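As a plain string of letters, each chain reads:
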Amino acid sequence: AERLGRNPDTPPLEIKGPAEVAKAAAAFNLMQDRIRRYVRDRTVMIGSVAHDLRTPLTRIRFRVEEAPKPIRDKIIADIEEMEAMIAATLAFVRDASSLMAREPIDLAHLTAGMVDDMRDIGTEVTTDSLQSAPISGDPIALRRVVANLIANAAKFGAR
């Protein structure tokens, strides 16, 4: 059970020994096969959805070219962020065991940018002075985390 929990692709258990042990091993092997199929099916579905999102984003990119420059630049930045998320999702689907890219990031700078983005879409959000906070991490995942934290703070926080 411990080995299966760490890696669903581990070789199946040998079915041997007393009847009760052999029956338990067979049940574990069946469970392992079901988990493996479930993960594979979900991974394929996620990859398909991520791939399908590219088409509407491309249409939006073409349509936004007519927008005034200040808003166009912000919309294009949002589209590029979504395209990066899609690319990361597709990369995950290609190799579910790969580690995310880590880069040096200033968390304060990232947070300030996300606060500005949230204000641009009408979210009432303020920050105190932010001190530089250099870290190493996946920029796409960190943007998603910070955006979720800000959105939740704005929605559920006390004013």
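Just above sits the structure.
In what follows, the accompanying structure is described.

Rules used in this analysis
Residues numbered from 1 in each chain as written. Predicted model: local features only at pLDDT ≥ 70, side-chain atom pairs only at ≥ 80, totals over all residues. Heavy atoms only, no water. Helix = DSSP H or I, 4+ residues; strand = E, 2+ residues; numbered from the N terminus. Rg over C-alpha atoms; globule rule 2.2 N^0.38 Å. Buried < 20%, exposed > 50% of the residue type's maximum accessible area, 1.4 Å probe, protein only. Areas by Shrake-Rupley, 256 points an atom, 1.4 Å probe, with all protein chains shown as cover. Lys, Arg positive; Asp, Glu negative; His and termini not counted. Charge placed at Lys NZ, Arg CZ, Asp CG, Glu CD. Salt bridge = Lys/Arg side-chain N within 4 Å of Asp/Glu carboxyl O. 1 Å grid on protein atoms, 1.4 Å probe; cavity = no way out; pocket = protein on both sides within 12 Å on 5 of 7 lines; lining within 4 Å. Points joined across faces, edges and corners; volume = space filled by probe spheres on them. Nonpolar A, V, L, I, M, F, W, Y, C, P; charged D, E, K, R; others polar. Axes fitted to C-alpha atoms, helices over the stretch in contact; angles between N-to-C directions. Parallel < 35°, antiparallel > 145°, perpendicular 65-115°, else oblique. Left-handed = near helix turned anticlockwise from the far one by under 90°. Contact = heavy atoms within 4.5 Å.

**Considering the overall build of the protein chain**
Check the secondary structure of the protein chain and you find six helices and two strands. Reading the protein chain from its N end, one meets helices and strands in the order α-α-α-α-β-α-β-α. A compact globule built from 159 residues would reach a C-alpha radius of gyration of about 15 Å, whereas the protein chain, at 23 Å, exceeds it by more than 25%. Dimensions of the protein chain along its principal axes, counting C-alpha atoms only, are 75 × 40 × 30 Å. Within the protein chain, the fraction of its 159 residues that count as buried is 22%. Surface exposure of the protein chain reaches about 11500 Å², of which carbon and sulfur atoms provide 61%. If the 23 positive side-chain charges of the protein chain are averaged to one point and the 23 negative ones to another, these points end up 7 Å apart.

**With respect to the pattern of salt bridges**
Oppositely charged side chains can pair when the atoms bearing their charge come close. For the structure on display, the rule yields nine salt bridges. Taking the shortest distance from any N to any O, the salt bridge between Lys-16 and Glu-14 comes out at 3.5 Å. For the pair shown, Lys-16 and Glu-14 are each scored as exposed. Because the salt bridges share partners, they merge into one network encompassing Glu-81, Asp-117 and Arg-143.

**Focus: the layout of surface pockets**
Empty space among the atoms becomes apparent when a probe as large as a water molecule is rolled across them. Put simply, the largest pocket is a space of about 290 Å³. Lining the largest pocket are 14 residues, and of these Lys-74, Asp-78, Glu-81, Asp-117 and Ile-121 sit closest to its centre. Looking at the lining of the largest pocket, the elements with two or more residues in it are α4 (69-94) and α5 (107-120). Here the lining of the largest pocket takes eight residues from α4, the largest share from any one element. Classifying every residue of the lining of the largest pocket gives eight nonpolar, no polar and six charged. Volume-wise, the second largest pocket comes out at about 210 Å³. Lining the second largest pocket are twelve residues, and of these Val-125, Thr-126, Ile-150, Ala-153 and Ala-154 lie nearest its centre. Sorting the residues of the lining of the second largest pocket by element identifies α5 and α6 (139-156) as the ones contributing at least two each. In terms of residue count, the dominant contributor to the lining of the second largest pocket is α6 (three residues).

**As for the packing of α5 against α6**
Where α5 contacts α6, the two axes come as close as 10 Å, and the packing angle between them is 55°. As judged from the angle between their axes, α5 and α6 are oblique. For the pair α5 and α6, the crossing hand works out as right-handed. Facing α5, whose interface residues are Leu-107, Leu-110, Thr-111, Met-114, Val-115, Asp-117 and Met-118, α6 presents Leu-142, Arg-143, Val-146, Ala-147, Ile-150 and Ala-151. Here the residues of the contact of α5 with α6 are counted per class, giving ten nonpolar, one polar and two charged.

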